Amino acid sequence: MLPASWQDVLGDELDKPYFKELTEFVEEERARGPVYPPREEVFAALEATPYQDVKVLVLGQDPYHGPGQGHGLCFSVRPGVRVPPSLRNIYRELHDDLGVPVPDNGYLMPWARQGVLLLNAVLTVRGGEANSHKNKGWEQFTDAVIRAVADRRDPAVFVLWGNYAQKKLRLIDTERHAVVAGAHPSPLSARKFFGSRPFSQIDEAVAAQGHTPIDWRVPDLAD
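Residues numbered from 1 in each chain as written. Predicted model: local features only at pLDDT ≥ 70, side-chain atom pairs only at ≥ 80, totals over all residues. Heavy atoms only, no water.

Caption draft 1: Main features of the sheet that holds strand 3 (residues 116-120). With respect to topology, four strands assemble into an open sheet ordered 3-2-5-6, the strand pairing being parallel. Single-partner strands in this sheet number two, and they are strand 3 and strand 6 (178-182). For this sheet, the mean inter-axis angle between neighbouring strands, taken without regard to orientation, is 20 degrees. Where strand 5 (residues 157-161) meets strand 6, five bridges bridge the pair, whose relative direction is parallel. When the sheet's bridge partners are listed, leucine 160 is paired in strand 6 with alanine 181. Against the sheet, helix 9 (residues 198-208) contacts strand 2 (56-60), strand 5 and strand 6, and its axis sits at roughly 165 degrees relative to strand 5. (Pairing = 2+ DSSP bridges. Helix = DSSP H or I, 4+ residues; strand = E, 2+ residues; numbered from the N terminus. Axes fitted to C-alpha atoms, helices over the stretch in contact; angles between N-to-C directions. Contact = heavy atoms within 4.5 Å.)

Listed below in structure tokens is the structure:
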């Protein structure tokens, strides 16, 4: 169910033919086998970061497709799940850029609760098959999410890592909002990602927009 704060700006999407077809497709997939994240966590990113609170939008591609990994926030995994390679690279760059300690887990909910919308372009995936739910309608819905944030009077920072994410630049008024673009943190492009200092750029833009800074520290589970 769509969280209340997003209902006014996205509610109409749920009534469109494409979304009904998408819902039927995902339910058929669930009937056949594992689909991630669980049904109750499909809109977890929107639940964790209310519409009016979005300061930063980080765009991922699709959920992790392993058991127990994805929980509806891009790049994030549940507590106790091994930190995936892309997130390890994000942590390394965050440490090199701002000196933030590398945590012992990949649970990014502390970021989401401070206004960092961790949005995947595709919100579900078949177990064990990356990109298996792409081009089924999720992109139309998440484009509407991006537009909704871009249409706000209150500015935000859009973080577009990799060519896939950067195609969404067309949805953003770059005169009103800030964009931090660069290489994707996956191992395939990490060489270009390292040293790009995206977090310094995000912090600078957030401050320029008059918003409270993001505390990027993720508490260790051992604490």
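Caption draft 2: Region of the structure containing the pattern of salt bridges. This model, assessed by the stated rule, comprises eleven salt bridges. Among the ionic pairs, arginine 78 bridges to glutamate 41, the shortest N-O distance being 2.7 Å. On the criterion of sequence distance, the pair formed by arginine 78 in the loop between strand 2 and helix 4 (85-98) and glutamate 41 in the loop between strand 1 (35-36) and helix 3 (44-48) is long-range, its members being 37 residues apart. Note that glutamate 129 and arginine 126 form a salt bridge whose closest N and O atoms lie 2.9 Å from each other. The partly exposed category is assigned to arginine 126, whose relative accessible area is 26%. When salt bridges that share partners are traced, they join Glu29, Arg32, Arg126 and Glu129 into one network. (Salt bridge = Lys/Arg side-chain N within 4 Å of Asp/Glu carboxyl O. Buried < 20%, exposed > 50% of the residue type's maximum accessible area, 1.4 Å probe, protein only.)

Caption draft 3: Inspection of helix 9 at higher detail. For helix 9, the complete set of buried residues consists of Pro198, Phe199, Ile202, Ala205 and Val206. Take helix 9 and look down its axis: the buried residues cluster within an arc of 125 degrees, on one side only. Those residues of helix 9 that are exposed and angled more than 90 degrees off the buried face are Glu204, Ala207 and Ala208. Buried residues in helix 9 make contact with strand 2, helix 4, helix 5 (109-112), strand 5, strand 6 and helix 8 (190-193). Looking one or two places after helix 9, you find glycine 210, whose phi comes out positive at around 80 degrees. (Arc of directions from axis to C-beta.)

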